[in-house]
Amino acid sequence: MKKTILLFAVLALSILSSTDTFAQKFPRLDVSPLDVAAYPSDWRNSDKLVRVIYGRPQLKGRALSSLAEVSDKGVWRTGANEASEITFFKDVLFGGESVKSGTYTLFSVPGDKEWTLILSNVRNVWGHYTYDEKDDVIRVPGKVSESEKSIEAFSIVFNEVEGNAVTMHLGWGNTVVSVSLEEEVDLEE
């Protein structure tokens, strides 16, 4: 009987000590988690026009102007952490400018009445620290409007306008920046 109790005690001690030895260390949750916006947004529709992967910073009582500074010089990563990436699955007109299908980094230059949205060839970058204008594919204006309610977490959504035209909206605080997007139709077909 004593041998059985001793065996169970050793077995229990072994199990308890082994769980700490093999436990995985996971990082805490990101306060600016990644999100994805796509058009069409229906997950069942795999024939997408566009997808944006971006970090979602939150205001947490801070002014938008302190987080996405209005400046004629500096660029913003258009989100948090890694710079946002936008993928066009078809050739498109982005803000009226022709862009080939592919993945680009989305930067922006905030302004009072208009933001400049920038598509860059450089990908997989942290923030905007390595941004260089020579890597720009295009720069287009984004129209600024005011939202009815304050948007706590930076968000991107797409709204269908008509036909193959879509508007991309970037919203944060009381600011909404809008830019047109549509599939480029080849007239030669």
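Our subject in this report is the structure included herewith. (Residues numbered from 1 in each chain as written. Predicted model: local features only at pLDDT ≥ 70, side-chain atom pairs only at ≥ 80, totals over all residues. Heavy atoms only, no water.)

## Quick look at the overall build of the chain
Here is step 1: Broken down by element type, the chain carries 2 helices and 9 strands.
Here is step 2: For the chain, buried positions account for 38% of its 189 residues.
Here is step 3: The long-range share in the chain, meaning contacts at least 24 apart out of those at least 6 apart in sequence, stands at 54%.
Here is step 4: Here the chain has roughly 12200 Å² of accessible surface; of this, 54% comes from carbon and sulfur atoms. (Helix = DSSP H or I, 4+ residues; strand = E, 2+ residues; numbered from the N terminus. Buried < 20%, exposed > 50% of the residue type's maximum accessible area, 1.4 Å probe, protein only. Contact = heavy atoms within 4.5 Å. Areas by Shrake-Rupley, 256 points an atom, 1.4 Å probe, with all protein chains shown as cover.)

## What about the environment of Gly127?
Here is step 1: Topologically, Gly127 is positioned in the loop between strand S7 (114-120) and strand S8 (136-162).
Here is step 2: Exposure remark for Gly127: the relative accessible area of 0% places this residue in the buried category.
Here is step 3: In contact with Gly127, other than residues within four places in its own chain, are Arg77, Asn81, Glu82, Ala83 and Phe107.

## Let's talk about the sheet that holds strand S3 (residues 84-88)
Here is step 1: The sheet built from 9 strands is open, its strands ordered S1-S2-S3-S6-S7-S8-S9-S4-S5 with antiparallel pairing. One side of each edge strand has no neighbouring strand; the edge strands of this open sheet are strand S1 (34-39) and strand S5 (97-99). Looking at each pair of strands side by side, their axes are set apart by 35° on average, direction ignored.
Here is step 2: In this sheet, S8 lies alongside S7 in antiparallel orientation, the contact comprising 7 bridges. Bridging across to S8, Leu119 finds its partner in Ile138. (Pairing = 2+ DSSP bridges. Axes fitted to C-alpha atoms, helices over the stretch in contact; angles between N-to-C directions.)

## A short note on the pairing of strand S9 (residues 165-183)
Here is step 1: Counting buried residues in S9 gives 14 out of 19 residues, a clear majority hidden from the surface.
Here is step 2: Bridging between S8 and S9 involves 12 bridges; their strand directions are antiparallel. Within the sheet, the bridge partner assigned to Val157 lies in S9 and is His169.
Here is step 3: Here S8 hands over to S9 after 2 residues, with Gly163 in that stretch at a positive phi of 60°.

## Section: the layout of surface pockets
Here is step 1: By volume, the largest pocket amounts to about 320 Å³.
Here is step 2: Forming the boundary of the largest pocket are 21 residues, of which Leu67, Ala68, Trp76, Arg77 and His128 lie nearest the centre. (1 Å grid on protein atoms, 1.4 Å probe; cavity = no way out; pocket = protein on both sides within 12 Å on 5 of 7 lines; lining within 4 Å. Points joined across faces, edges and corners; volume = space filled by probe spheres on them.)

## Quick look at the pattern of salt bridges
Here is step 1: Within this structure, the stated rule accounts for 5 salt bridges.
Here is step 2: In this structure, Lys90 engages Asp47 in a salt bridge whose closest nitrogen and oxygen atoms are separated by 3.1 Å. Placement of the pair is Lys90 in the loop between S3 and strand S4 (92-94) and Asp47 in the loop between S1 and strand S2 (50-55), with a sequence separation of 43 residues.
Here is step 3: Among the residues examined, Lys90 registers a relative accessible area of 22% and is labelled partly exposed.
Here is step 4: Of the charged contacts, one joins Asp136 and Arg139 as a salt bridge, the two residues approaching to 2.8 Å between their closest N and O atoms.
Here is step 5: Under the relative-accessibility criterion, Arg139 is labelled partly exposed at 36%. (Salt bridge = Lys/Arg side-chain N within 4 Å of Asp/Glu carboxyl O.)

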